[in-house]
Amino acid sequence: MSETDRPMIEARGLDKHYGHTQVLHGVDLDVARGETVCVIGPSGSGKSTLLRTLNHLEDISAGSIRIGGELIGYREKGGRLHELREREACRQRLDIGMVFQHFNLFGHLTALENVALAPIKVKREKPQQARAYAAELLARVGLAGKEDVHPSRLSGGQQQRVAIARAMAMRPQVMLFDEPTSALDPELVGEVLAVMRDLAETGGITMVVVTHEIGFAREVSDRVVFMDAGRVVEVGPPAQVLDAPREERTRAFLSAVLR
Amino acid sequence: MTSTEHAATATAPAGPSPRRTPRRPARRRDVVPVRHWGRGIATAVVVLLVVLTGRALVTNPHIEWSVVGDYLLDAAVLEGLWLTLKMTALGMVIGLVLAVLVGVMRTARSRVVAAVAWAWIFVFRGVPLVVLLVLLGNLGLFVTDLSLTVPFTDVELWSRPVKEVVTPFVASVLALALAGSGYMAEVVRSGLISVGTGQREAAKALGLDEARTLRLVVLPQALRVIVPPLGNELVGMLKASAIVSVIAGGDLMTTVLGISGVTFRTIEMLLVASIWYLLVIAVLSAGQFLLERKVAER
């Protein structure tokens, strides 16, 4: 019982330094199982860095991250956290899907091969099954018929949808989205957000979305996190954070973004 | 340009029209492309020059083509050619292995490792091949024995005199490999960094470990950048191998020079060598073309 009550993601007191610059200051964040959380904030506020610490693409200087109760990126020994070897960190990432701002599709592989690569090579799924599931996922993101097309022949919106299918192919419990629509032409943003909305509404998956799309955050997220200067300034349901912010900084940011 | 001309003729119908076609609405206009007189002239000049050169080569009384024919398939020449091919192949393989090693070291996090790789590239790209060749060919002058010992002790595991180990052939292969490795290491490095960090991160996020990331994601994409210059390097190494004749490496060039020293048919023998080099390069170029097309498939 307590396992299901426990938050899916528990970040506690995260500090992160780049040289002498501190980019995260004691960040706490809990995300419940199946919850969709949007992280907003000005550029340089540390929101992408926070997201990237959650699957240990970035190390941390202090604090801890647990996903599904498991310590991410580190092992506790003698009261200290020891960084995991790459192999172990890779194993932990199997349950955490990630979608990047610039899609990062593998250019030498077709859409279907992009989606099926990790299930076949990492999870050792049978190629035939992995490819069938990949085709299913591509159809779900509206790309049926594009299986054999290389990324360079797809629009940005299509590439990002392949990237979402690629992350979903590992059947992750958590999906991280790092500004998934920031690199897209305005008319292509909608198709990607629609796929993400579908994921969030189907349920079962825990989503953390770093975004500048305030409208999307308002409609889809269960809670919104506002970050500024490496700190979480305000957390709450979208109706509160976006429409009646308590903090002056949140208000200032929103009025700048929404004009 | 053409659209404004059309507009001009349409709006000024009364003026004297320079066009040949009369202004009748439904009449189909003949299109006369620009005549490129220069191209015709250039073609004629080039053809003339080629014919003259060819004629001069064929009819030159000092070149006996029958000698070229006689020696083209001469056993000694073929053996020299075989040695040239072996040398180039070995030099390329060893050079490439070194290049991958040095190229990866060059991108290493450790500054010392990266600096050693940098120095390697600097030295072997900078020292002329002839110098390297003569140096290695005369290794016996300043290093007498090659021995494998346990470091910092006198325990000797294996020892041979240099003259036995570093034959002219070995020296040639080593020189070609070392000189090639410097250049090829840069090629490998540029190929590796041409694959963006985003690709590695995406692979990482999918749970691919470093070995799989390199094999499945980075290398296949790096090859597109690496293969074309490597093909050029192979052709370059084949041609450069002719320099081996300065230490009597026994290659094609050494052989033809040796024969011409006896028969005094220098030009004919050089023509024999040229024909063989060109033949091999033609085959290599065809291979390179096919390989590049395969790697570029996407």
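Before reading on, note that the structure itself is shown above.
Residues numbered from 1 in each chain as written. Chains lettered and ligands numbered in written order. Predicted model: local features only at pLDDT ≥ 70, side-chain atom pairs only at ≥ 80, totals over all residues. Heavy atoms only, no water.

Draft legend 1. Structural context of the overall build of chain A. The secondary structure content of chain A amounts to 10 helices and 12 strands. In summary, chain A has a C-alpha radius of gyration of 18 Å against a globular reference of 18 Å for 259 residues, a match within 12%. Taken along the three principal axes of its C-alpha coordinates, chain A extends 50 × 50 × 40 Å. Considering only contacts in chain A between residues 6 or more positions apart, those separated by 24 or more positions represent 63%. Just so you have it, chain A exposes about 11,400 Å², and 47% of that area is on carbon and sulfur atoms. When the 33 basic and 35 acidic side-chain charges of chain A are each reduced to a single mean position, those positions are 5 Å apart. (Helix = DSSP H or I, 4+ residues; strand = E, 2+ residues; numbered from the N terminus. Rg over C-alpha atoms; globule rule 2.2 N^0.38 Å. Contact = heavy atoms within 4.5 Å. Areas by Shrake-Rupley, 256 points an atom, 1.4 Å probe, with all protein chains shown as cover. Lys, Arg positive; Asp, Glu negative; His and termini not counted. Charge placed at Lys NZ, Arg CZ, Asp CG, Glu CD.)

Draft legend 2. Seen up close, the layout of surface pockets. Of the volumes computed, that of the largest pocket is approximately 1,000 Å³. Looking at the largest pocket, it is lined by 28 residues, and the ones nearest its centre are Glu-86 of chain A together with Arg-109, Arg-200, Lys-204 and Glu-210 of chain B. Mapped onto the lining of the largest pocket, the elements with two or more residues apiece are strand E1 (9-18) and helix H3 (86-93) of chain A together with helix H9 (168-194), helix H10 (197-205) and helix H11 (210-240) of chain B. When its residues are assigned to classes, the lining of the largest pocket shows 11 nonpolar, 4 polar and 13 charged. (1 Å grid on protein atoms, 1.4 Å probe; cavity = no way out; pocket = protein on both sides within 12 Å on 5 of 7 lines; lining within 4 Å. Points joined across faces, edges and corners; volume = space filled by probe spheres on them. Nonpolar A, V, L, I, M, F, W, Y, C, P; charged D, E, K, R; others polar.)

Draft legend 3. Fine view of helix H4 (residues 111-121) of chain A. Among the 11 residues of H4 of chain A, 9 are classified as buried, and the element is accordingly described as predominantly covered. Inspection of H4 of chain A places Ala-111, Leu-112, Asn-114, Val-115, Ala-116, Leu-117, Ala-118, Pro-119 and Ile-120 of chain A among the buried residues, and these make up the whole buried set. For H4 of chain A, the elements touching its buried residues are helix H5 (127-140) and helix H6 (156-168) of chain A together with H11 of chain B. (Buried < 20%, exposed > 50% of the residue type's maximum accessible area, 1.4 Å probe, protein only.)

Draft legend 4. Highlighting the side chain of Ser-241 of chain B. Residues and elements named next belong to chain B. Checked against the element boundaries, Ser-241 lands in the loop between H11 and helix H12 (252-263). Judged by its relative accessible area of 0%, Ser-241 falls in the buried class. Aside from chain neighbours lying at most four places away, what touches Ser-241 is Thr-84, Thr-88, Leu-176 and Asp-251.

Draft legend 5. Seen up close, empty space enclosed by the protein. All names here are of chain A. Evaluation of the coordinates by the stated rule reveals 2 cavities of 30 Å³ or more. As a volume, the largest cavity reaches approximately 50 Å³. Taken together, Leu-137, Arg-140, Val-141, Ile-164, Met-168, Val-195, Asp-198 and Leu-199 make up the full set of residues lining the largest cavity. Broken down by secondary-structure element, the contributors of at least two residues to the lining of the largest cavity are H5, H6 and helix H7 (186-202).

Draft legend 6. Just the packing of H4 of chain A against H5 of chain A, in detail. Residue and element names in this part refer to chain A. The interhelical angle for the contact between H4 and H5, taken along N-to-C directions, is 130 degrees, at an axis separation of 9 Å. Regarding the angle of H4 to H5, the classification is oblique. As H4 packs across H5, the resulting crossing turns out to be right-handed. Each of Ala-111, Leu-112, Glu-113, Val-115, Ala-116, Pro-119 and Ile-120 in H4 lies in contact with H5, whose residues at this interface are Pro-127, Ala-130, Arg-131, Ala-134, Ala-135, Leu-137 and Leu-138. The residue inventory of the contact of H4 with H5, partitioned by class, reads 12 nonpolar, no polar and 2 charged. (Axes fitted to C-alpha atoms, helices over the stretch in contact; angles between N-to-C directions. Parallel < 35°, antiparallel > 145°, perpendicular 65-115°, else oblique. Left-handed = near helix turned anticlockwise from the far one by under 90°.)

Draft legend 7. Representation of the sheet that holds strand E12 (residues 231-236) of chain A. Residues and elements named next belong to chain A. The mixed open sheet is built from 6 strands, whose spatial order is E8-E9-E10-E3-E11-E12. Pairing within the sheet leaves two strands with one partner each, and these edge strands are strand E8 (96-99) and E12. For this sheet the average axis-to-axis angle between neighbouring strands, irrespective of direction, equals 15 degrees. Here 5 bridges tie strand E11 (residues 223-228) to E12, and the two strands are oriented antiparallel to one another. Residue pairing for E12: Met-227 is matched across the bridge by Val-232. Of the strands in this sheet, E8 and strand E9 (174-178) touch H6, which is tilted by about 170 degrees from E8. Lying on the sheet, helix H10 (residues 248-258) is in contact with strand E3 (36-40), E11 and E12; it crosses E11 at an angle near 95 degrees. (Pairing = 2+ DSSP bridges.)

Draft legend 8. Here's a closer look at the interface of chain A and chain B. Between chain A and chain B, the contact holds 25 residues from the first and 18 residues from the second. Our enumeration of links across chain A and chain B arrives at 1 salt bridge. A salt bridge links Arg-52 of chain A to Glu-201 of chain B; the nearest nitrogen and oxygen atoms lie 2.5 Å apart. At the boundary of chain A and chain B, one finds 7 residue pairs in polar contact (both at pLDDT 80 or more). Those elements that place two or more of their residues in the side of chain A that touches chain B are H3, E8 and H4 of chain A. Among the elements that make up the side of chain A that touches chain B, the one with the highest residue count is H3 of chain A (4 residues). Split into classes, the residues belonging to the side of chain A that touches chain B amount to 12 nonpolar, 6 polar and 7 charged. (Salt bridge = Lys/Arg side-chain N within 4 Å of Asp/Glu carboxyl O. Polar contact = N/O pair within 3.5 Å; in protein donor to acceptor, adjacent residues only side chain to side chain.)

Draft legend 9. Geometry of the sheet that holds strand E4 (residues 62-67) of chain A. Residues and elements named next belong to chain A. The strand order across the open sheet formed by 4 strands is E2-E1-E4-E5, and the pairing between neighbours is antiparallel. Edge strands, defined here as strands with exactly one partner in the open sheet, are strand E2 (21-31) and strand E5 (70-71). Note: E4 against E5, 2 bridges, orientation antiparallel. Within the sheet, the bridge partner assigned to Ile-67 lies in E5 and is Glu-70.

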